[in-house]
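Take a look at the letters that make up each chain.
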Amino acid sequence: MNNNYYNFKAALLSLLTLFSFTALANQVQGVRVWPSPDNTRVVFDMAGEPQHKSFSLDKPDRLVIDLTNVKGGTSLPAVNGESSLIKAIRSSGSGNTMRIVLDLTKASKANVFALPPTPPYGHRLVVDLPDDQPQRNLPPPAIRAARDIVIAIDAGHGGEDPGSIGPSGIYEKHITLPIARQLAQLIDRQPGMKAMMVRTNDYYIHVNRRTEIARGQQADLLVSIHADAFTSPQPRGASVWVLSLRRATTEVGRMLEQTERHSDLLGGVAEIIKDSANERYLAQTVLDLSMNHSMVTAYQVANEVLSELGRVTHLHKKEPQAASLGVLKAPDIPSILVEVGFISNPQEEKQLKSPSHQTQLARSLFAALKRHFEKSPPADSLFAQQRAREHRVSAGESLSLLAQRYNVSVDELRSINQLTSDSIRVGQTLRIP
Ligand SMILES: [Zn+2]
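Summarised in this report is the structure supplied together with it. Everything numeric in this text was worked out from a predicted model, so none of it was measured. (Residues numbered from 1 in each chain as written. Predicted model: local features only at pLDDT ≥ 70, side-chain atom pairs only at ≥ 80, totals over all residues. Heavy atoms only, no water.)

Here we look at the overall build of the protein chain
Then comes step 1: When helices and strands are counted, the protein chain shows 12 helices and 17 strands.
Then comes step 2: Here the protein chain holds 433 residues, and 41% of them are scored as buried.
Then comes step 3: Long-range pairs, those at least 24 residues apart, make up 67% of the contacts in the protein chain between residues at least 6 apart in sequence.
Then comes step 4: Accessible surface, the protein chain as shown: approximately 23,500 Å² in total, 52% of it carbon and sulfur. (Helix = DSSP H or I, 4+ residues; strand = E, 2+ residues; numbered from the N terminus. Buried < 20%, exposed > 50% of the residue type's maximum accessible area, 1.4 Å probe, protein only. Contact = heavy atoms within 4.5 Å. Areas by Shrake-Rupley, 256 points an atom, 1.4 Å probe, with all protein chains shown as cover.)

Written as structure tokens, this is what we have:
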């Protein structure tokens, strides 16, 4: 029994000795790189079980692996294989430690783990490098974050400013607010759009402050709601106003005089305009560009609004009108001013105070805005992203091929495109669910 015990102890000791010797004698015997479209696996063939730690660094992107109990000598064997994700594999070390650095072409969340021997392989240290954006010919199906289109809604007048007063004593400010509120509700219910009320209740805000509020919210569009009035009761109907070019040009000049407002107006662009000698010129150029964009956008929206309003009310003017009225003085934010009708006309005054007519007006404004932004969505918006999920059929493509490519079912493709058969033609635009 004693003997057995000593034999056992001796055997254990020699095993431990062997084990620690093996651990100390660990060595990288081979490096194999296995690329696949969305992952690269690097395998370090080890003489013994690896003792390792790893961490990632960026700028430039690197994966660092520290091996301990490695026999002196820090050079790696030749690397077998290559990957577009890995620029280089290098090593350094001192004493019993070895540091391996993988220089990456882009960030990757590495998974580093040891594998026990399995014939024909021995101990291995495995590094899996997923490639989140593999370069393929397929459009990426990944959904990225996309922003809402922000509509600033300005209910005209408010507080001690009643606006125009109708023959029966109705105040313009009491008509503009409920229409604005309903429009905001419709917008907020629409995925990809967000409303922002310039005034939320019956109080006064200066006209200049209204555009500042819209600018502060980085609004894509400012819609100001008003009701018209005239000295005689006959004029009637809705009209839509945009900023006049002459007024816009004057405003740009005036704003450029106020140097401290440059950064406000130019956003991030101001950051790169450091040279004060060039500043005026650059600011003018950038503002001209954004003014041009704003005015084109406003004009397009105004046309959409007129075509929708024309379905629910008489139009006073069938074309957008240019002027510098109320909030129409921000050259950097597309702005329209909608006169929903004449409060000075007794019939229209009656209509304008009716909740059902107000709802119709709000709905037609919403339909127009939505249609405009579906046609011309800002590049980083959800609307733009949804628009991008379209596919133009090219030669040789079939419904089943596209279903596979976009990872959807043929049935889904068929139903969203209302197809009665599986035949598609070259040049046809398909919606992708
Ligand atoms: Zn007004």
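So, the sheet that holds strand 1 (residues 28-36)
Then comes step 1: If you trace the five strands from one edge of the open sheet to the other, you get 5-1-2-9-8, paired in mixed fashion. Each having just a single partner strand, strand 5 (79-80) and strand 8 (111-115) make up the two edges of the open sheet.
Then comes step 2: Both strand 8 and strand 9 (residues 124-130) contribute to a ladder of five bridges, which runs antiparallel. Note that in strand 9 the partner of alanine 114 across the bridge is leucine 125. (Pairing = 2+ DSSP bridges.)

Quick word on the packing of helix 2 (residues 173-189) against helix 9 (residues 355-375)
Then comes step 1: At their nearest, the axes of helix 2 and helix 9 sit 9 Å apart, and the two run at 45° to each other. Here helix 2 lies oblique to helix 9, going by the angle between them. Like other packed secondary-structure pairs, helix 2 and helix 9 cross with a definite hand, here right-handed. Mapping the contact onto sequence places Ile175, Pro178, Ile179, Gln182, Leu183, Leu186 and Ile187 in helix 2 and Pro355, Gln358, Thr359, Leu361, Ala362, Arg363, Leu365, Phe366 and Leu369 in helix 9.
Then comes step 2: Of the residues belonging to the contact of helix 2 with helix 9, the class tally is 12 nonpolar, three polar and one charged. (Axes fitted to C-alpha atoms, helices over the stretch in contact; angles between N-to-C directions. Parallel < 35°, antiparallel > 145°, perpendicular 65-115°, else oblique. Left-handed = near helix turned anticlockwise from the far one by under 90°. Nonpolar A, V, L, I, M, F, W, Y, C, P; charged D, E, K, R; others polar.)

Regarding helix 3 (residues 207-216)
Then comes step 1: Listing the buried residues of helix 3 in full gives Arg210, Thr211, Ile213, Ala214 and Arg215.
Then comes step 2: Trailing helix 3 by a residue or two, glutamine 218 shows a phi angle of about 50°, which is positive.

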